[in-house]
Amino acid sequence: RVLLATDGDFNVGITDEGELKSFIERKRESGIFLSVLGFGRGNYNDALMQTLAQNGNGNAAYIDTLNEARKALVEESSSTLFPIAKDVKIQVEFNPAKVAEYRLIGYETRILNREDFNNDKVDAGDIGAGHTVTAIYEITPVGSDATLVDDLRYGKATPVETLASASDEYAFVKIRYKQPEGKVSKLITTPVTKANEATLAGEPAFATAVAAFGQLLRGDATIKAYSYDDVIALAQSAKGEDPFGYRAEFINLVRIAKNAPAM
């Protein structure tokens, strides 16, 4: 694994973004992975850093404080340096008898075409030792007044007997992955049922607060009824143990963003 520390302002050697991406993809195929540590301000190119890391089967982190350096290079080093699965793909199918509408929050740069799921030649993300991945979906139950999209006139109906057999299922999750040195993917499947229901607390609640904050910063129209104060309250309720102050730092960041428009 190559660890590249840079501000992303490439002005020596390969400087074209497309060329850089192709070069990194070729090296990835030979077994060399790339992780990127971002430094600097002003001319820092975050989008390029993310692109390079994703195409290099690695991770990108922005280092601006000693705490961030400790987090990236000490606490999370095992999950970024030692992959236990590569080309990990996750596909979620929602039960139309339970879920009228859904949307995935984030992951815009990681979405694959449906047909890519079973294609082992298509690159995907890696999972390291101790690494966790969180994907947040917002769903609208069948029969809710909150639906935003009309029913399809020519939509393909699911047979009633199929829906009945999965009456307690919200969704079906499929995961494909390869061993670190493997070429052929393996498949894992599991349903998401009523047994998986839980109140919003702890880790999921804090992750939801972070996702809501990101949507507020982007001016997302789907979250207009949610405020910065709501994000702060949810994050505070799920703060838990915070030995290095990462979560407290996030809450302070939300407070700054709340006051920024007035400034």
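The preceding data block contains the structure.
Note that the coordinates shown come from a computational prediction; the quantities given were computed from them, not determined experimentally.

Peer 1: What's the story with helix α3 (residues 66-75) in this structure? I'm lost.
Peer 2: Residue pairs three or four apart in sequence face the same way in an α-helix, which turns once every 3.6 residues. Listed in full, the buried residues belonging to α3 are Glu 68, Ala 69 and Ala 72. For α3, the angular spread of buried residues about the axis comes to 100°, placing them on one side. Turned more than 90 degrees from where α3 packs its buried face, Leu 66 and Val 74 sit exposed. Where α3 is buried, its residues meet β3 (60-62) and α4 (77-81).

Peer 1: Looking at this structure, how should I read the packing of aromatic side chains?
Peer 2: Two numbers describe a pair of aromatic rings. These are the distance of the centres and the angle of the planes. Throughout the structure, instances matching the rule amount to seven aromatic pairs. Between Phe 94 and Tyr 137, the aromatic rings sit 5.2 Å apart at their centres with planes inclined by 70°, giving edge-to-face as the arrangement. Taken together, the residues span a long stretch of sequence, with Phe 94 in strand β4 (residues 83-94) and Tyr 137 in strand β7 (residues 136-141) at a distance of 43 residues. By relative accessible area, which is 29% here, Tyr 137 ends up partly exposed. Taken together, the ring pairs in this structure connect Phe 206, Phe 213, Tyr 228 and Phe 250 into an aromatic cluster. Lying across the ring of Tyr 246, Lys 71 places its NZ or CZ 6.0 Å from the centre. Above the ring of Tyr 170, the side-chain terminus of Lys 98 is found at 6.0 Å from the ring centroid.

Peer 1: Can you walk me through the side chain of Gln 215 in this structure?
Peer 2: By secondary structure assignment, the location of Gln 215 is in helix α6 (residues 202-218). A polar contact of 2.7 Å, which involves the side chain of Gln 215, links it to the side chain of Arg 103.

Peer 1: Is there a simple way to explain the nonpolar core in this structure?
Peer 2: Generally speaking, soluble globular proteins have nonpolar side chains that are buried together. Within the largest apolar cluster, 17 residues are counted, with the highest numbers of intra-cluster contacts made by Ala 209, Phe 213, Tyr 228, Val 231, Ala 235, Phe 250 and Val 254. Looking at this core, the elements with two or more residues in it are α6, α7 (228-237) and α8 (246-259). With six residues, the single largest contributor to this core is α6. Ignoring anything within four residues of it in the chain, the contact list for Phe 213 reads Tyr 228, Val 231, Phe 250, Leu 253, Val 254 and Ala 257. Core analysis: the next-biggest nonpolar cluster, separate from the first, contains nine residues, Leu 34, Val 36, Leu 48 and Ala 53 among them.

Peer 1: Looking at this structure, how should I read the pattern of salt bridges?
Peer 2: Two side chains of opposite charge can pair, provided their charged atoms sit close to one another. This model, assessed by the stated rule, comprises seven salt bridges. Among the ionic pairs, Asp 220 bridges to Arg 103, the shortest N-O distance being 3.9 Å. Of this pair, Asp 220 sits in the loop between α6 and α7 while Arg 103 is found in strand β5 (residues 99-105), placing the two residues 117 residues apart along the sequence. Glu 108 is the salt-bridge partner of Arg 218, the closest N and O atoms lying 2.8 Å from each other. Of this pair, Arg 218 sits in helix α6 while Glu 108 sits in the loop between β5 and β6 (125-128); the two residues are 110 residues apart in sequence, bridging distant segments of the chain. With relative accessibility at 59%, the residue Arg 218 sits in the exposed group. Connected through shared salt-bridge partners, Arg 103, Glu 138 and Asp 220 make up one network.

Peer 1: Whenever I open this one, the packing of α6 against α7 confuses me. Can you help?
Peer 2: To characterise two packed helices, one gives the angle between the axes of the helices and the distance between these axes. Closest axis-to-axis distance for the α6/α7 pair is 8 Å, and the angle between their directions is 160°. Taken together, the axis directions place α6 and α7 in an arrangement best described as roughly antiparallel. Classified by chirality, the crossing of α7 by α6 is left-handed. Between α6, through Ala 205, Phe 206, Thr 208, Ala 209, Ala 212, Phe 213, Leu 216 and Leu 217, and α7, the contact on the second element is made entirely by Tyr 228, Val 231, Leu 234 and Ala 235. For the contact of α6 with α7, the residue count by class is 11 nonpolar, one polar and no charged.

Peer 1: Just to check I follow, could you spell out a nonpolar patch on the surface for this structure?
Peer 2: On the surface, Leu 3, Leu 73, Val 74, Leu 81 and Phe 82 cluster together into a nonpolar patch covering about 470 Å² of accessible area. As for its position among the elements, Leu 3 is in strand β1 (residues 2-6).

Peer 1: What am I meant to see in unusual backbone geometry here?
Peer 2: At Asp 87, a position not held by glycine, the phi torsion is positive, near 50°. Within the fold, Asp 87 resides in strand β4. If you check the backbone angles, Tyr 107 has positive phi at about 65° while not being a glycine. Inspection of the secondary structure puts Tyr 107 in the loop between β5 and β6.

Peer 1: Which parts of the structure should I look at to understand helix α2 (residues 46-55)?
Peer 2: By the burial criterion, the buried members of α2 are Leu 48, Met 49, Leu 52, Ala 53 and Asn 55. Among the structural elements, β1, α1 (17-29), β2 (34-38) and β3 are those in contact with the buried residues of α2. At the exit of α2 stands Asn 57, carrying a positive phi of roughly 55°.

Reading the values: rules and limits
- As a convention, each chain's residues are numbered from 1 in the sequence order in which they are written.
- In keeping with the model being predicted, local features are shown solely for residues with a pLDDT of at least 70 and side-chain atom pairs are shown and tallied solely at 80 or more, while totals for entire chains, interfaces and linings include all residues.
- Values reported for side chains reflect all heavy atoms of the structure, with hydrogen atoms and water molecules removed beforehand.
- Only protein chains enter the accessibility calculation, which uses a 1.4 Å probe; a residue whose area is less than 20% of its type maximum is buried, one above 50% is exposed, and one in between is partly exposed.
- Secondary structure counts use DSSP, requiring at least four H or I residues in a row for a helix and at least two E residues in a row for a strand, with both numbered from the N terminus.
- Throughout, the arc means that of the directions going from the helix axis to the C-beta atoms.
- A contact between two residues is defined here by any heavy atoms of the two lying within 4.5 Å.
- Note on aromatic pairs: the rings of Phe, Tyr and Trp (six-membered ring only in Trp) are paired at centre separations within 6.5 Å, and the planes decide the class, stacked below 30 degrees, edge-to-face beyond 60, tilted for the rest.
- Criterion for a charge above a ring: Lys NZ or Arg CZ within 6 Å of the ring centre, and within 35 degrees of the ring normal.
- By the criterion applied in these results, polar contacts are pairs of N or O atoms within 3.5 Å in which, for protein atoms, one can donate a hydrogen and the other can accept it, and in which residues neighboring in sequence qualify only through two side-chain atoms.
- As used in this record, nonpolar core signifies buried Ala, Val, Leu, Ile, Met, Phe, Trp, Tyr and Cys residues forming a set joined through side-chain atoms within 4.5 Å.
- Should a side-chain nitrogen of Lys or Arg be within 4 Å of a carboxyl oxygen of Asp or Glu, the pair is scored as a salt bridge.
- To get an axis, a line is fitted to the C-alpha atoms, and for a helix only the part in contact is used. The angle between two axes follows their N-to-C directions and goes from 0 to 180 degrees.
- Geometric relationships in this document are graded by angle, where less than 35 degrees denotes roughly parallel, more than 145 denotes roughly antiparallel, 65 to 115 denotes roughly perpendicular, and other angles denote oblique.
- Less than a right angle of anticlockwise turn of the near helix away from the far helix marks a crossing as left-handed, whereas a clockwise turn marks it as right-handed.
- Charged means Asp, Glu, Lys or Arg here, nonpolar means Ala, Val, Leu, Ile, Met, Phe, Trp, Tyr, Cys or Pro, and polar covers whatever is left, Gly included.
- Only residues whose relative accessible area exceeds 30% and that form no salt bridge are eligible for patches; like-charged ones are grouped when within 9 Å, while nonpolar side chains (Val, Leu, Ile, Met, Phe, Trp, Tyr) are grouped when within 5 Å.
- Accessible surface is estimated by sampling points in the Shrake-Rupley manner with a 1.4 Å probe; for residues, cover comes only from the protein chains shown.

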